[in-house]
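Here is how the chains run, residue by residue.
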Amino acid sequence: MSANNAISIQNLGKAYAGAAGPIRALNDISFDIAPGEFLSVVGPSGCGKSTMLKILAGITHKTEGDISIDGEEHDGPSDKVGIVFQSPVLLPWRTILDNVLLPVDVAGKRGDADRDAAMKLLDLVGLKGFEARYPFELSGGMQQRVAICRALIRDPAILLMDEPFGALDALTREHMNVELQRIWMERRKTVLLITHSIPEAVFLSDRVLIMTERPGRIDEIVEIDLPRPRRMDVVADEKFAVYAHHIRSRFASKAMF
């Protein structure tokens, strides 16, 4: 494994115990992610995309294979990794500022510098002035911005995102895609995004990893050569359409998308 990669995965596999024997979720997954790269993962439902993310997050343990982060062996939770799930999972009794600072409070290390960092993140995502509000006072898109701030508060090198905009309406989702690109370009975190949306994957990514049906394997990794920053009107570009069509064609016979 190269120390030059932010994430290196070799021969990753995962099996769950079943009544009739082990159930394979992932099989022989190998790929690298460069520092600062934005990589999206698409694939049929049940192919193990979220399982792979949970293994990287340290929530679930692998069955076989090797994972390294910044050249160091990785097999559990890490301060180098931040996570954003589909649901913002904000605590309703905590203010927006206190929700962002939750990981710091759990670690028992809150100080003035942490509050300043949280305020800067809220400003970064366009939520300056909302720090004293509560989650019920924010829209779904605004709540997801808070979740992104919370994932970034301890300054992780890597951001894992599991279908973070799947519950949003189409227009809000498009806006959040533009916002996520802007945040990524400013902070340059290494991002691994799980998504069911091919246009979202093409719009946001440097590369798109396509997975097969369960047990999940890598079918293909597609490099996306589109200039940045990207605006939503890029979806009407012929080159964008070619990428989206190629990725969709891998699933055409299964009608997964």
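Before going into details, it helps to say that this report is about the structure given with it. (Residues numbered from 1 in each chain as written. Predicted model: local features only at pLDDT ≥ 70, side-chain atom pairs only at ≥ 80, totals over all residues. Heavy atoms only, no water.)

**Points about the overall build of the protein**
Of the regular secondary structure elements, the protein holds eight helices and 10 strands. Since a compact globule built from 257 residues should have a radius of gyration of about 18 Å, the 18 Å found for the protein is in line with a globular shape. Seen along its three principal axes, the alpha-carbon backbone of the protein occupies a region of about 50 × 40 × 40 Å. With 257 residues in all, the protein has 48% of them scored as buried. Carbon together with sulfur atoms contributes 51% to the accessible area of the protein, which is approximately 11,900 Å² in total. Distance between charge centroids for the protein: 2 Å, based on 31 positive and 35 negative side chains. (Helix = DSSP H or I, 4+ residues; strand = E, 2+ residues; numbered from the N terminus. Rg over C-alpha atoms; globule rule 2.2 N^0.38 Å. Buried < 20%, exposed > 50% of the residue type's maximum accessible area, 1.4 Å probe, protein only. Areas by Shrake-Rupley, 256 points an atom, 1.4 Å probe, with all protein chains shown as cover. Lys, Arg positive; Asp, Glu negative; His and termini not counted. Charge placed at Lys NZ, Arg CZ, Asp CG, Glu CD.)

**Let's talk about the pairing of strand β10 (residues 218-223)**
Pairing analysis gives five bridges linking strand β9 (residues 207-211) to β10, with the strands arranged antiparallel. If you follow M211 over to β10, its bridge partner there is I218. The antiparallel pairing of β9 with β10 creates a hairpin that spans six residues between the two strands. (Pairing = 2+ DSSP bridges.)

**Some thoughts on helix α5 (residues 140-152)**
Along its 13 residues, α5 runs 19 Å from first to last C-alpha, staying within 8% of the 18 Å computed at 1.5 Å per residue. Within α5, 12 of the 13 residues are buried, which leaves the element mostly enclosed by the surrounding structure. Every buried residue of α5 is listed here: G141, M142, Q143, Q144, R145, V146, A147, I148, C149, R150, A151 and L152. Taken together, the buried residues of α5 touch β6 (81-84), α2 (96-100), α3 (102-107), α4 (112-124), β7 (158-162) and α6 (170-187). (Expected span 1.5 Å × (residues − 1). Contact = heavy atoms within 4.5 Å.)

**Some details on the sheet that holds β10**
Ordered in space as β6-β7-β8-β3-β9-β10, the six strands form an open sheet in which the pairing is mixed. Each edge of the sheet is formed by a strand with only one pairing partner; in this case those strands are β6 and β10. The average angle at which neighbouring strand axes cross in this sheet is 15°, direction not considered. Pairing between β6 and β7: four bridges, direction parallel. Of the residues in β7, the one forming a bridge with I83 is L160. (Axes fitted to C-alpha atoms, helices over the stretch in contact; angles between N-to-C directions.)

**Let's talk about the sheet that holds strand β2 (residues 23-33)**
Taking strand neighbours across the sheet as the criterion, the four strands line up as β2-β1-β4-β5 in an open arrangement whose pairing is antiparallel. Only two strands of the sheet have a single partner each, and these edge strands are β2 and β5 (72-73). Judged from the seven bridges that link them, strand β1 (residues 7-16) and β2 form a sheet pairing that is antiparallel. Within the sheet, the bridge partner assigned to I7 lies in β2 and is I33. Lying on the sheet, helix α1 (residues 49-57) is in contact with β1, β2 and β4 (64-69); it crosses β1 at an angle near 115°.

**Focus: the pattern of salt bridges**
This model, assessed by the stated rule, comprises 16 salt bridges. For D75, the salt bridge identified is with K62, shortest N-O distance 3.5 Å. Linking D75 in the loop between β5 and β6 with K62 in the loop between α1 and β4, this pair joins segments that are 13 residues apart in sequence. In this structure, R228 and D206 form a salt bridge, with 3.2 Å as the shortest nitrogen-oxygen distance. With R228 in the loop between β10 and α8 (238-249) and D206 in the loop between α7 (198-204) and β9, this residue pair connects regions lying 22 residues apart in the sequence. Counted as one network, the salt bridges with shared partners bring together D70, E72 and K80. (Salt bridge = Lys/Arg side-chain N within 4 Å of Asp/Glu carboxyl O.)

**Quick word on the nonpolar core**
For soluble globular proteins, nonpolar side chains are generally found buried alongside one another. In this structure, M161, V202 and I247 are the most contacted members of the largest nonpolar core, which totals 50 residues. If you tally residues by element for this core, the top one is α5, at seven residues. When sequence neighbours within four positions are dropped, the list of residues in contact with M161 reads L53, V84, I148, L180, V191, L192, L193 and I194. Of all hydrophobic cores here, the second largest spans 24 residues; its members include I9, F31, L39 and M52. (Core = buried A, V, L, I, M, F, W, Y, C linked by side-chain atoms within 4.5 Å.)

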